[in-house]
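Residue-level structure breakdown
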Amino acid sequence: MKFFADTAELEEIRELTATGLLDGVTTNPSLIKKSGRDFLEVIKEICDLVEGPVSAEVVATDFDTMVKEALKLSAIAKNIVIKVPMTLDGLKTCKLLSEKKIMVNVTLCFSANQALLAAKAGASFISPFVGRLDDISEDGMALIEDIRLIYDNYGFETQILVASIRHPIHVLEAARIGADAATIPTDVLRKLFHHPLTDKGLEAFLKDWEETGQTIL
Ligand code: G3P
């Protein structure tokens, strides 16, 4: 499963890139606001750091302006993925861009039918928001299962990019279901490294080693 960082924070991206675990980055207007950075500048800097897909979202809601924004964003770097909202104009934009071989990530997906439409429109990625569904007492992961089944039924190549991830169990369930990718907030990504028995075991090994009086270097 591919790991994307759901952030526009350069330092976080730089550090995670060094682990070799990062396959891409996703941003959205709220994450750009949080970063306090200029949108076009920060996207360019992220693309310079990351080889994999970097999602940058259009903010227009009508087809003509969405396409203009998408073309401007896609000129920033080869690895830009244009994020469009799951609307009729968004999917028209998706179809046009995918015909031009520009990768598209359809965002704000909350139903399996929406995911089916996005795949038919040629999306490279569909972003179902599991956390926001859980927040309203729906089952976010059941949506991922449905989309996996539907895409496999018809051989759609659109990648399921699980979004709105809130905790490590979301990542685990996405992997169990066979989602292609998960876009993960950096605090959740860091939690994946940890287990209390790892910390406890390391502490015991180091204590015993110290008592041997030996050194390796
Ligand atoms: O980038 C889209 C998605 O991951 C947003 O997550 O936590 O704002 O629901 P969240």
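Up top is the structure.
None of the values given here were measured: they were computed from a predicted structure. Residue indices follow the written sequence of each chain, beginning from 1 at its first position. Reporting of local features is limited, given that this is a predicted model, to residues whose pLDDT is at least 70; pairs of side-chain atoms are given and counted only at 80 or more, and all residues count toward the totals for whole chains, interfaces and linings. Calculation of side-chain values draws on the structure's entire complement of heavy atoms; hydrogens and water are dropped beforehand.

A few points about the overall build of the chain
Strands are runs of DSSP state E lasting at least 2 residues, helices are runs of H or I lasting at least 4, and numbering of each runs from the N terminus. Counting its secondary structure elements, the chain contains eleven helices and eight strands. Expressed as lengths along the three principal axes of its C-alpha atoms, the size of the chain is roughly 70 × 35 × 30 Å. We call two residues in contact whenever any of their non-hydrogen atoms come within 4.5 Å of each other. When contacts within the chain are restricted to residue pairs at least 6 apart in sequence, those whose partners lie at least 24 apart make up 56%. In these tables, accessible area is a Shrake-Rupley quantity obtained with a 1.4 Å probe, and a residue counts as shielded only by the protein chains included in the view. Here the chain has roughly 11,800 Å² of accessible surface; of this, 55% comes from carbon and sulfur atoms. Both charge centroids of the chain, one from 23 positive and one from 33 negative side chains, sit 6 Å from each other. A positive count includes Lys and Arg, and a negative count includes Asp and Glu. His and the chain ends are not counted in either. Charge placement uses NZ in Lys and CZ in Arg. For Asp and Glu, CG and CD serve respectively.

Quick word on a negative patch on the surface
Patches here are clusters of residues that have more than 30% relative accessible area and form no salt bridge, with a 9 Å joining cutoff for like charges and a 5 Å cutoff for nonpolar side chains (Val, Leu, Ile, Met, Phe, Trp, Tyr). Definition used for salt bridges: Asp or Glu carboxyl oxygen within 4 Å of a side-chain nitrogen of Lys or Arg. Judged by side-chain charge, D134, E138, D139, E145 and D146 come together as a negatively charged surface patch. Take E145: it is sitting in helix α8 (residues 140–154). Only protein chains enter the area calculation, which uses a 1.4 Å probe; residues under 20% of their type maximum are buried, those over 50% are exposed, and those in between are partly exposed. Judged by its relative accessible area of 47%, E145 is partly exposed.

Regarding the nonpolar core
Counting residues in each nonpolar core, the largest one holds 58 residues, and the members touching the most others are I46, I82, V106, I126, I147 and V162. Each nonpolar core is a collection of buried residues, namely Ala, Val, Leu, Ile, Met, Phe, Trp, Tyr and Cys, held together in the definition by side-chain atoms within 4.5 Å. Counting five residues, the second-largest nonpolar core is a separate cluster that includes F4, F125, L161 and A181.

Digging into the site of the ligand
Being near a molecule or strand, for a residue, comes down to having at least one heavy atom within 4 Å of it. As a structural note, the neighbourhood of the ligand is formed by D6, N28, K83, F129, R132, A163, S164 and R166. At a separation of 3.0 Å, an oxygen atom of the ligand approaches a polar side-chain atom of N28. Burial of the ligand by the protein chains amounts to 82% of its free accessible area of 310 Å². In this count, Pro and Cys sit with the nonpolar residues alongside Ala, Val, Leu, Ile, Met, Phe, Trp and Tyr, while Asp, Glu, Lys and Arg are called charged and the others, Gly among them, polar. A per-class count over the shell around the ligand returns two nonpolar, two polar and four charged. In the analysis that follows, any N or O atom pair within 3.5 Å is treated as a polar contact, provided that within protein one partner can donate a hydrogen and the other can accept it, and provided that, for residues neighboring in sequence, both atoms belong to side chains.

Regarding the side chain of S164
Looking at the secondary structure, you find S164 in the loop between β7 (159–162) and α9 (168–177). Among the polar contacts made by the side chain of S164, one reaches the main-chain amide nitrogen of R132 at a distance of 3.1 Å. Here the side chain of S164 touches R166 through a polar contact of 3.1 Å, side chain to side chain. Setting aside its immediate chain neighbours within four residues, S164 contacts F129, V130, G131, R132 and H170.

Notes on the packing of aromatic side chains
Working definition: a ring pair exists when centres of Phe, Tyr or Trp rings (six-membered ring for Trp) sit within 6.5 Å. Plane angles under 30 degrees give stacked, over 60 give edge-to-face, the rest tilted. Enumeration according to the criterion identifies four aromatic pairs in this entry. Ring centres of F4 and F125 lie 5.8 Å apart, and the angle between their planes is 70°; on these two criteria the pair is classed as edge-to-face. Remark: F125 occurs in strand β6 (residues 125–128) and F4 occurs in strand β1 (residues 2–6); sequence separation between them is 121 residues. Considered together, F4 and F125 belong to a single accessibility category, that of buried residues. On the numbers, 5.5 Å between centres and 70° between planes, the contact of F110 with F129 is edge-to-face. Residue F110 is found in the loop between β5 (104–109) and α6 (112–120), and its partner F129 is found in the loop between β6 and α7 (130–135); the two are separated by 19 residues along the sequence. By relative accessible area, which is 30% here, F110 ends up partly exposed. Take F129: its relative accessible area is 7%, and that puts it in the buried class. An aromatic cluster of at least three residues, connected via ring pairs, comprises Y151, Y154 and F156.

Re the pairing of β7
Alternating positions in β7 separate into two faces, Q159 and L161 on one and I160 and V162 on the other, with burial throughout. Pairing between β6 and β7: two bridges, direction parallel. Considered in β7, the bridge of F125 is made with Q159. One ladder, built from two bridges, connects β7 with strand β8 (residues 181–184); its direction is parallel. Bridge assignment links L161 to a residue of β8, and that residue is A181. Following DSSP output, two strands are said to pair if at least two bridges run between them.

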